[in-house]
Amino acid sequence: MNGTIICQSIFETVRKLVHNCMFLNAYSIGNAFTRIRKLALAIDDTSFQLPQTQRNMETFGVSVNQNSSPCAMASSSSLFDVLNDMIIDARIDSYNYGERKFAQEHLDESECIGLKNDKLILMDRAYPSYEIFQELLRRRLAFVVRLNSTFSSITQRAGADFIVDYKSRGYKEPVKLRIVRIVFDDGTVETLATSLEVF
């Protein structure tokens, strides 16, 4: 600002002294909310090919391509603010790291953003599980999650909007979910699990 040039190494050193929560709290001021006054935060992951080096294969893992050749691959995941078009948290890990592990880490990071009850977490059908629902409810986070076919006890049930006590094998306590079924113009049916209007 006064003409002084700061070299990159000094900037990086100083940056390491500043906690990420400072930026997240600054971000949470003046952003866009849904009509129910919640930040819409989507969690999604992807996998991608890395440069084919021995170090990458050992560090991140491999996948076999259509030619049966091993390819160095990694997984990444992000917590994305849908309305403000901004990535809040991003992670890269091994190819087999798992969507739900990423999701838990994103939920931990979301604690730094704004207030406890001002977030709506959106997840696709790779994520739902009893543990994820339990964790979201424990944190008092509103959520909308697309269900997959493994939830047949719910997806095959009649009704367009109902409450269910979902219980998984090995767990004593059920989780209370609101189930909403949406039928699109082409006949496609999507079943969503949500906490909205449950607590």
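Residues numbered from 1 in each chain as written. Predicted model: local features only at pLDDT ≥ 70, side-chain atom pairs only at ≥ 80, totals over all residues. Heavy atoms only, no water.

A tally of helices and strands in the protein chain yields six helices and nine strands. Out of the 199 residues in the protein chain, the part that is buried amounts to 36%. (Helix = DSSP H or I, 4+ residues; strand = E, 2+ residues; numbered from the N terminus. Buried < 20%, exposed > 50% of the residue type's maximum accessible area, 1.4 Å probe, protein only.)

Counted under the stated rule, the structure contains twelve salt bridges. One salt bridge connects Arg91 with Asp89, and the closest N-O pair in it is separated by 2.8 Å. Among the salt bridges present, the one from Asp118 reaches Lys119, with a minimum N-O distance of 3.6 Å. This pair shows no difference in class: Asp118 is buried, exactly as Lys119 is. Through salt bridges with shared partners, one network takes in Asp108, Glu111, Glu135, Arg138 and Arg139. (Salt bridge = Lys/Arg side-chain N within 4 Å of Asp/Glu carboxyl O.)

For the rest of this paragraph, the subject is the packing of aromatic side chains. For the structure shown, the criterion picks out seven aromatic pairs. Between Tyr130 and Tyr166 the ring centres are 6.4 Å apart and the planes differ by 45 degrees, which places this aromatic pair in the tilted class. Here Tyr130 is found in helix H5 (residues 130-138), whereas its partner Tyr166 is found in strand E7 (residues 161-166), with 36 residues between them in sequence. In this pair, the class of Tyr130 matches that of Tyr166, namely buried. Between the aromatic rings of Phe133 and Tyr166, the centroid separation amounts to 6.4 Å while the plane-to-plane angle is 85 degrees, which identifies the pairing as edge-to-face. Highlighted residues: Phe133 in helix H5 and Tyr166 in strand E7, separated in sequence by 33 residues. Each member of the pair Phe133 and Tyr166 is classed as buried. Members of the aromatic cluster, connected to one another through ring pairs, are Tyr130, Phe133, Phe143, Phe151, Tyr166 and Tyr171. One cation-aromatic arrangement involves Lys101 over Tyr97; the distance from NZ or CZ to the ring centre is 5.2 Å. (Phe/Tyr/Trp six-rings, centres within 6.5 Å; stacked < 30°, edge-to-face > 60°. Lys NZ or Arg CZ within 6 Å of the ring centre and 35° of its normal.)

So, about H5. For H5, the full list of buried residues reads Tyr130, Ile132, Phe133, Glu135 and Leu136. Structurally, H5 contributes buried residues whose contacts are with helix H4 (99-110), strand E5 (119-123), strand E6 (142-146), E7, strand E8 (175-183) and strand E9 (189-194). Backbone geometry just after H5 places Arg140 at a positive phi near 60 degrees. (Contact = heavy atoms within 4.5 Å.)

Structurally, Ser129 is set in the loop between E5 and H5. Here Ile132 takes part through its backbone nitrogen, which lies 3.1 Å from a polar atom of the side chain of Ser129. The residues touching Ser129, leaving out its near neighbours within four places in the chain, are Arg100 and Phe151. (Polar contact = N/O pair within 3.5 Å; in protein donor to acceptor, adjacent residues only side chain to side chain.)

What follows concerns the side chain of Asn56. Tracing the backbone through its elements, the reader meets Asn56 in helix H3 (residues 54-60). Apart from the residues within four sequence positions on either side, Asn56 is in contact with Leu50, Pro51, Gly61 and Ala72.

None of the figures reported here should be taken as evidence of function without further support.
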